[in-house]
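Below, each chain spelled out in residue letters.
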Amino acid sequence: METLLELAQHYNYVVTIVLMMAGLYIVVARGNMVKKLIGLSIFQTSVYLLYIEPGKIIGGTAPIIDPAFSTYSNPLPHVLILTAIVVGVATLALGLALVVRINEAYGTIEEEEIFERDREE
Amino acid sequence: MSLDLILRVGTKLILPFILLFALYVQFHGEFGPGGGFQAGVITAGMVVLVAITFGLEAARRIAPQALVDRMVPLGALIYAGTGVVGLLLGENYLDYSVLAHDSAHGHELGIFLVEAGVLITVAGTMTALFYTFVERGR
Amino acid sequence: MNAVLLTLLAVVTIAVVRQRSLFGVVVLTIIYSFLMASVLIVLDAVDVAMTEASVGAGISTVILLATLHLIKTTEMRPVRARLLPLFVAAGTGAVLVWGTLVLPPFGTADAAIHRHVVPRYLAETIKETNVPNVVTAVLADYRSYDTLGETTVIFTAGIGVMLLLGGARHRGNADKENASK
């Protein structure tokens, strides 16, 4: 019972882990390359959530200094995640460029068809 | 009246406001949410909107390929250059305190220049990505 | 509020796993990105929310749709039932959830991460830089090396994509030169 109570208090983290595992499952278990890249992107965004959630202070506000407020949420994870978001889109763009070239070389983007074609040669 | 017409007129009306919003986000990044990355992506989004609504030729009139090709490294050069200025004036690399007459103003000027560099690179790269992906299909 | 948005996110993700039409998957990704931006605003991360909304639902979608236009397939084949990845994902998830139970409860103000260097940033930003937005000040001043590296990463990605996919332009120019000789 205590475990259930703790899970309810940590509900945010549980859902973040569920998102992360869904992204991992898409990458591992689906053969379509574009869908794999989208699964990777879902995995990355769930990691952003995992970093930002501990930084929130209940009763605090956004970290912009203003004389009317005294408690601010932690700004350090925000900085790291800003960089991570942009790096994520750069990775997605390069991955999609590679998928376009693979499609031109093999005619398909399904993993199993590509392996079959390689095995035939 | 075809629906095409509504889209074209609406886009023509809203385009300058998108650019204005991008510049607002860039320059107000120090006082509210915003900064170089968001502004760069909104600027690239404006070029993409023009390309979708009016065709690729109209987008090339606004953002010619030569300009975009030069914007991509220019922003990184501005960023690294700000650091080198700090080095030439006797302090550490990327030290902003020597850029103006006193330390706080120097830091503010350094942040402004650095965010401008980031804006130019991000806007150029996102537009170049869009152009490259679309060119491949022709 | 937070719990509702997060549950919606989980539902959208399960839909992405099961959806087969690639165009539908892209639309679900747009919805996912906007829900993620809303969650980030509830968590007080306004800069990150603006970046995630514009990058995830803007540029990411445009590039995905441009790729789908080039690939010209929109349907996935029926998939074999794969139990091993499901067990691996479930097992890893259980271990990770057990690991996060050690974290302090959500939103406490005296957790360990609020203690080391963040109070100094929050106290000294206005005096040293005159910039009220602490995230911009930390990004462009206190941690500007990281931002320099990130700008280089974007620059490299742009050049990489132009090298991988830009050959058509130069081939076109070379053909025009050969034709005019």
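For the structure, see preceding data.
Since this is a predicted model, take the numbers as computed values, not measurements.

**Student:** In this structure, what is going on with the environment of A:Tyr25? I would like to understand it.
**Tutor:** Here A:Tyr25 lies in helix α2 (residues 11-29). Judged by the 23 C-beta atoms lying within 10 Å of it, A:Tyr25 falls in the buried class. For the pair formed by A:Tyr25 and A:Gly39, sequence separation is 14 residues and the distance between their alpha carbons is 7.8 Å. Once residues lying within four places of it in the same chain are set aside, the contact partners of A:Tyr25 are C:Val17, C:Pro85, C:Leu86 and C:Ala89.

**Student:** Where do I start with unusual backbone geometry in this structure?
**Tutor:** Residue and element names in this part refer to chain C. Of note, the phi angle at aspartate 44 is positive, near 70°, even though the residue is not glycine. Topologically, aspartate 44 is positioned in the loop between α2 (22-42) and α3 (46-71). For aspartate 44, a count of 22 C-beta atoms within 10 Å translates into the label buried. In this model, asparagine 130 sits at a positive phi of 65°, which is unusual for a non-glycine residue. With respect to the helices and strands, the residue asparagine 130 is situated in the loop between α5 (118-129) and α6 (134-142). Look at asparagine 130 and you get partly exposed, because 15 C-beta atoms sit within 10 Å.

**Student:** Whenever I open this one, helix α1 (residues 3-27) of chain B confuses me. Can you help?
**Tutor:** Side chains that are three or four residues apart share a direction in an α-helix, a result of its 3.6 residues per turn. Residues and elements named next belong to chain B. Helix length check: α1, at 25 residues, gives a terminal C-alpha distance of 36 Å against a target of 36 Å (1.5 Å per residue), a fit within 8%. Along α1, the sharpest change in direction is near 35° and occurs at isoleucine 14; proline proline 16 comes one to four residues later. Turning to α1, its buried residues number three or more, namely Ala22, Val25 and Gln26. On its buried face, α1 is in contact with α2 (36-54) and α5 (103-135).

**Student:** Explain the packing of helix α4 (residues 76-106) of chain A against helix α7 (residues 144-165) of chain C to me, please; I cannot follow it from the model alone.
**Tutor:** When two helices pack together, their arrangement is given by the angle between the helix axes and the distance between those axes. Two elements in contact, α4(A) and α7(C), have axes separated by 10 Å at closest approach and are oriented at 15°. Compared by their axis directions, α4(A) and α7(C) come out roughly parallel. Pair α4(A) / α7(C) crosses with left-handed handedness. Counting all contacts with α4(A), which are made through A:Thr83, A:Val86, A:Val87, A:Ala90, A:Ala93, A:Leu94, A:Ala97, A:Leu98, A:Val100 and A:Arg101, the residues of α7(C) involved are C:Asp146, C:Glu150, C:Val153, C:Ile154, C:Ala157, C:Gly160, C:Val161, C:Leu164 and C:Leu165. Taken together, the residues that form the contact of α4(A) with α7(C) break down as 14 nonpolar, two polar and three charged.

**Student:** Can you walk me through the interface of chain C and chain A in this structure?
**Tutor:** Reports often express the size of an interface as the amount of accessible area lost when the parts come together. The interface is formed by 76 residues belonging to chain C together with 68 residues belonging to chain A. Elements with a contribution of two residues or more to the side of chain C that touches chain A: α1 (2-18), α2, α3, α4 (83-100), α5, α6 and α7 of chain C. Broken down by element, the side of chain C that touches chain A gets its largest block of residues, 13 residues, from α3(C). Taken together, the residues that form the side of chain C that touches chain A break down as 52 nonpolar, 16 polar and eight charged.

**Student:** For this particular structure, what's the right way to read α1(C)?
**Tutor:** Taking 1.5 Å of rise per residue, 17 residues should cover 24 Å, and α1(C) covers 25 Å from first to last C-alpha, within 8% of that figure. Considered for burial, the residues of α1(C) that qualify are C:Leu6, C:Leu9, C:Val12, C:Thr13 and C:Val16. Seen end-on, α1(C) carries its buried residues on one side only, within an arc spanning 120°. Opposite the buried face of α1(C), at more than 90 degrees from it, the exposed residues are C:Ala3, C:Val4, C:Val11 and C:Arg18. Those residues of α1(C) that are buried are in contact with α2 and α3 (33-52) of chain A together with α2 of chain C.

**Student:** Looking at this structure, I do not really get the interface of chain C and chain B. What am I missing?
**Tutor:** At the junction of the two partners, chain C supplies 41 residues and chain B supplies 44 residues. Broken down by secondary-structure element, the contributors of at least two residues to the side of chain C that touches chain B are α3, α5, α6, α7 and α8 (167-180) of chain C. With 14 residues, α3(C) is the largest single contributor of residues to the side of chain C that touches chain B. Grouping the constituent residues of the side of chain C that touches chain B by class yields 22 nonpolar, 15 polar and four charged.

**Student:** Would you mind showing me how to read the environment of A:Ala93 here?
**Tutor:** Among the secondary structure elements, A:Ala93 is positioned in helix α4. Sequence-distant contacts of A:Ala93, defined by excluding residues within four places in its chain, comprise B:Leu129, C:Ile63, C:Ala157 and C:Val161.

Calculation rules
- Residues numbered from 1 in each chain as written.
- Chains lettered and ligands numbered in written order.
- Predicted model: local features only at pLDDT ≥ 70, side-chain atom pairs only at ≥ 80, totals over all residues.
- Helix = DSSP H or I, 4+ residues; strand = E, 2+ residues; numbered from the N terminus.
- Buried ≥ 20, exposed ≤ 12 C-beta atoms within 10 Å, placed from the backbone.
- Contact = placed C-beta atoms within 7 Å.
- Expected span 1.5 Å × (residues − 1).
- Bend = angle between axes of the 7 residues up to and from the residue.
- Axes fitted to C-alpha atoms, helices over the stretch in contact; angles between N-to-C directions.
- Parallel < 35°, antiparallel > 145°, perpendicular 65-115°, else oblique.
- Left-handed = near helix turned anticlockwise from the far one by under 90°.
- Nonpolar A, V, L, I, M, F, W, Y, C, P; charged D, E, K, R; others polar.
- Arc of directions from axis to C-beta.

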